[in-house]
Amino acid sequence: MTPKLEIRGATKAFGSLIAVSDVSMTVQSGELRAVIGPNGAGKTTYFNLITGFFPPTSGEILLDGQNINRVPAAGRVKLGMGRTFQITEIFPELTVRENARIAVETGQGYSLRFWLNAGDRKRIDDACDEVLEMARLTAKADRLVGELSHGDQRAAEIAMALALKPSLLLLDEPTAGMGDEETYQVTGLIRRLHRDSKYTIVLIEHDMRVVFHLADRISVLAEGKLLAEGTPEQIAANEVVQNAYLGKAE
Amino acid sequence: MNALLRHKYATTAIIWALLLTVPAWLPVFGGYTALAGRVLVFGLAAMSFNLLLGFTGIMSFGHAAYFGLGAYGCGLFLKYVSASTPLAMLAGTLLGGIAGTLFGLLLVRRRGVYFAMVTIAFGQVCFYIAYKWDDFTGGYDGLRGFARAALDFGAFKIDIANNSTAFYFFILAVFGGAAVLQALLLKSPFGRSMLAIRENERRARFLGLPIEKHIWLSFSISCFFTALAGSLYALLNNFADPLGLNYIMSGNIVMITVMGGMRAFWGPLIGAVLFVALQDYVSSMTTNWMFFVGLTFVCVVLFFPRGLMGMFQKGART
């Protein structure tokens, strides 16, 4: 079976600085993969290579077996790579439902329409209801997103990504800057999307605790290189990882 | 939310009730019907401009160009082609709207202050053409020698040429039609995409929205409506003024919009009431009336950053 996402020897150099060096990774359909590493390990650069913020200096990025090295970020979204950002990107002065609706309408190609017939309207409403339900935001649908908690804003951002019906969900530090309760809320949402809705998910995470309870497999980056890869149990037992990363963590 | 909606419907109902009864109550306050016509014309121009500023989040400092082209298009048609008021308005609207659509193509890749600068430049180009082309546009003196004609429906005529009340209701009908179209636009998927660009362009782009195309369309639509307002302005005065194309006029449109409240649908109309009232009453007392308009503008921006409408509808949005 063709893997959902495959990275072959990806390298990214900025001048003489090699931020990501010869990293490979294979993500199967339905897998939840976490990429972790200490600060400066090249996680963000690696994520940017996957989302298409810039092309790799060498190596290949394959989505469903197709090389997408040269597809820019917006084009990758259209190929089914839904994403969220480290700093939540939402439409703050619109309601949760309007946020979802804009995503649904854009994703389904309605955004240049000046009117909708009853059938279209129902299709859009149903799709909005569905993603809001998945993100557990139905009760807050009519609130302004900008007024919600960090956790709910992240859930709204994920709902917008889901509205585009992605086949691969890329989450950049989904719990960055959150307290325990919100972290718990967001990880709960990610777990449901993975277990119940069978999404393939790649997430970059700084917070180790988040990852060990969520991921099927973990890739550990350090100083731009792939240090180890395996199940959470294997990673927890790996001495190299312990020395390089866990030992330094708080 | 329901309270919010009820508030919105109530505002709309009050505004329509007041507009429909203008000839009855305006003279009580010492006004005259032509003044109300001017409020509607400036209100429509500012509401059209606000599709861009308030709802797409893009600043144009050159909307006088499309307003003025609308006026000249209408006047030139009446003078040189045919004495038909509706066709003249169509000509003005098309002239301003198409010019805006073409300029828009060159604008969409600019952002922020660069976008605004280029809009000023285009506006001034139009101004100098009208200002210098004496034979055709009347140059410095403006375009004269045309007059709005009565509406001829075959079976009956509506004399908007001489009956000022009939003319007011004609302007109101055009204004009302444009306002309904704008409200429907904002409720459409395209309208929501405008809000998305205003709120977070990066997010919108990562949803797969073709930002440049949407900004261009939004600019174009805004220009067509502004030109429609301009064609009404020519009919109102039976005159097209080169100063109507000038950047000062663009500034007036911006001030009207910001004073009234750019996040509220009716905000620019309220701004136009204030602007026209100040212009009319204060200019009868002092030639430095612009000073008082400016002072009011500064006060509103300082104390009510969401404009006069924002004051009444805290938390309400479109």
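Worth saying up front: this structure is predicted, and the values here are computed from it rather than measured. (Residues numbered from 1 in each chain as written. Chains lettered and ligands numbered in written order. Predicted model: local features only at pLDDT ≥ 70, side-chain atom pairs only at ≥ 80, totals over all residues.)

### Details of the overall build of chain B
Helices and strands together make up the secondary structure of chain B, namely 15 helices and 2 strands. Relative to the 2.2 N^0.38 estimate, which gives 20 Å for 318 residues, the radius of gyration of chain B is 19 Å and therefore close to what a compact globule would have. Overall, the C-alpha framework of chain B stretches about 55 × 45 × 45 Å when taken along its three principal axes. The 318 residues of chain B split such that 48% are buried. Excluding contacts between residues fewer than 6 apart, the proportion of contacts in chain B whose partners are at least 24 apart in sequence is 73%. (Helix = DSSP H or I, 4+ residues; strand = E, 2+ residues; numbered from the N terminus. Rg over C-alpha atoms; globule rule 2.2 N^0.38 Å. Buried ≥ 20, exposed ≤ 12 C-beta atoms within 10 Å, placed from the backbone. Contact = placed C-beta atoms within 7 Å.)

### Focus on the overall build of chain A
Secondary structure assignment for chain A yields 9 helices and 10 strands. Since a compact globule built from 250 residues should have a radius of gyration of about 18 Å, the 18 Å found for chain A is in line with a globular shape. Evaluated residue by residue, chain A yields a buried proportion of 46% over its 250 residues. Put simply, 66% of the contacts in chain A that link residues at least 6 apart link residues at least 24 apart.

### Some details on the sheet that holds strand S9 (residues 217–222) of chain A
Residue and element names in this part refer to chain A. Strand order in the open sheet formed by 6 strands is S6-S7-S8-S3-S9-S10, with mixed pairing between adjacent strands. The open sheet has two free edges, formed respectively by strand S6 (81–84) and strand S10 (225–230), since each of these has just one partner strand. Taken pair by pair, the neighbouring strands of this sheet meet at an average axis angle of 15°, ignoring direction. By the bridge criterion, 4 bridges tie strand S7 (residues 168–172) to strand S8 (residues 201–205) in an arrangement that is parallel. Looking at the pairing, aspartate 172 lines up with isoleucine 204 of S8. Docked against the sheet, helix H5 (residues 150–163) engages S6 and S7, running at close to 170° with respect to S6. (Pairing = 2+ DSSP bridges. Axes fitted to C-alpha atoms, helices over the stretch in contact; angles between N-to-C directions.)

### Observations regarding the interface of chain A and chain B
Taken together, the contact pairs 28 residues of chain A with 19 residues of chain B. Residue assignment for the side of chain A that touches chain B shows that the elements contributing at least two residues are helix H2 (73–78) and helix H3 (96–107) of chain A. Looking at which element gives the most residues to the side of chain A that touches chain B, the answer is H3(A), with 7 residues. Tallied by class, residues from the side of chain A that touches chain B come to 16 nonpolar, 3 polar and 9 charged. (Nonpolar A, V, L, I, M, F, W, Y, C, P; charged D, E, K, R; others polar.)

### Concerning helix H12 (residues 247–260) of chain B
Residue and element names in this part refer to chain B. The end-to-end C-alpha distance of H12, which contains 14 residues, comes to 20 Å, matching closely the 20 Å that a straight helix rising 1.5 Å per residue would cover. Summarising burial for H12: 11 of the 14 residues are buried, a large majority. Among the residues making up H12, those that are buried are Met249, Ser250, Asn252, Ile253, Val254, Met255, Ile256, Thr257, Val258, Met259 and Gly260. Positive phi appears at glycine 261, one or two residues downstream of H12, with a value of about 120°. (Expected span 1.5 Å × (residues − 1).)

### Section: the packing of helix H3 (residues 33–53) of chain B against helix H13 (residues 267–283) of chain B
Residue and element names in this part refer to chain B. Taken N-terminus to C-terminus, the directions of H3 and H13 make an angle of 135°; their axes are 8 Å apart at the nearest point. Relative to H13, H3 is oriented oblique. Considering how the two elements wind past one another, H3 and H13 form a crossing that is right-handed. Across the interface between the two elements, Leu35, Arg38, Val39, Phe42, Gly43, Ala46, Met47 and Asn50 of H3 pack against Pro268, Leu269, Gly271, Ala272, Val273, Phe275, Val276 and Asp280 of H13. Across the contact of H3 with H13, the residue classes break down as 11 nonpolar, 3 polar and 2 charged. (Parallel < 35°, antiparallel > 145°, perpendicular 65-115°, else oblique. Left-handed = near helix turned anticlockwise from the far one by under 90°.)

### Observations concerning the domain arrangement of chain A
A common way to state how big an interface is: give the accessible area lost once the parts meet. All names here are of chain A. Domain annotation of chain A identifies domain 1 (1–80 + 167–250) and domain 2 (91–165). Averaged C-alpha coordinates put domain 1 and domain 2 at centres separated by 26 Å. Domain 1 puts 10 residues into the contact, and the matching count from domain 2 is 11 residues. Of the residues in the side of domain 1 that touches domain 2, the class split is 6 nonpolar, 3 polar and 1 charged. (Domains from an automatic or database assignment.)

### Some thoughts on the sheet that holds strand S4 (residues 58–63) of chain A
Residues and elements named next belong to chain A. If you trace the 4 strands from one edge of the open sheet to the other, you get S2-S1-S4-S5, paired in antiparallel fashion. The sheet is open, and its two borders are formed by strand S2 (17–27) and strand S5 (66–67), each paired with just one other strand. Pairing analysis gives 2 bridges linking S4 to S5, with the strands arranged antiparallel. Of the residues in S5, the one forming a bridge with leucine 63 is glutamine 66. Packing of helix H1 (residues 43–51) onto the sheet brings it into contact with strand S1 (5–14), S2 and S4, and relative to S2 it is tilted by some 60°.

### Here's the deal with the pairing of S8(A)
Along a regular strand, successive side chains alternate from one face of the sheet to the other. All names here are of chain A. Counting buried residues along S8, 5 of its 5 residues qualify, which places the element largely inside the surrounding structure. Neither face of S8 is left uncovered, since the one carrying Ile201, Leu203 and Glu205 and the one carrying Val202 and Ile204 both have all their residues buried. Between S7 and its parallel partner S8, the chain crosses via helix H6 (residues 180–195), and the hand of that crossover is right-handed. (Right-handed = clockwise from strand over helix to strand, strands pointing away.)

### Some details on the packing of H3(B) against H12(B)
Residue and element names in this part refer to chain B. The N-to-C vectors of H3 and H12 enclose an angle of 80°; their axes lie 9 Å apart at closest approach. Taken together, the axis directions place H3 and H12 in an arrangement best described as roughly perpendicular. Contacts between H3 and H12 involve Phe42, Ala45, Ala46, Phe49, Asn50 and Leu53 from the former and Ile253, Ile256, Thr257 and Gly260 from the latter. Split by residue class, the contact of H3 with H12 holds 7 nonpolar, 3 polar and no charged.

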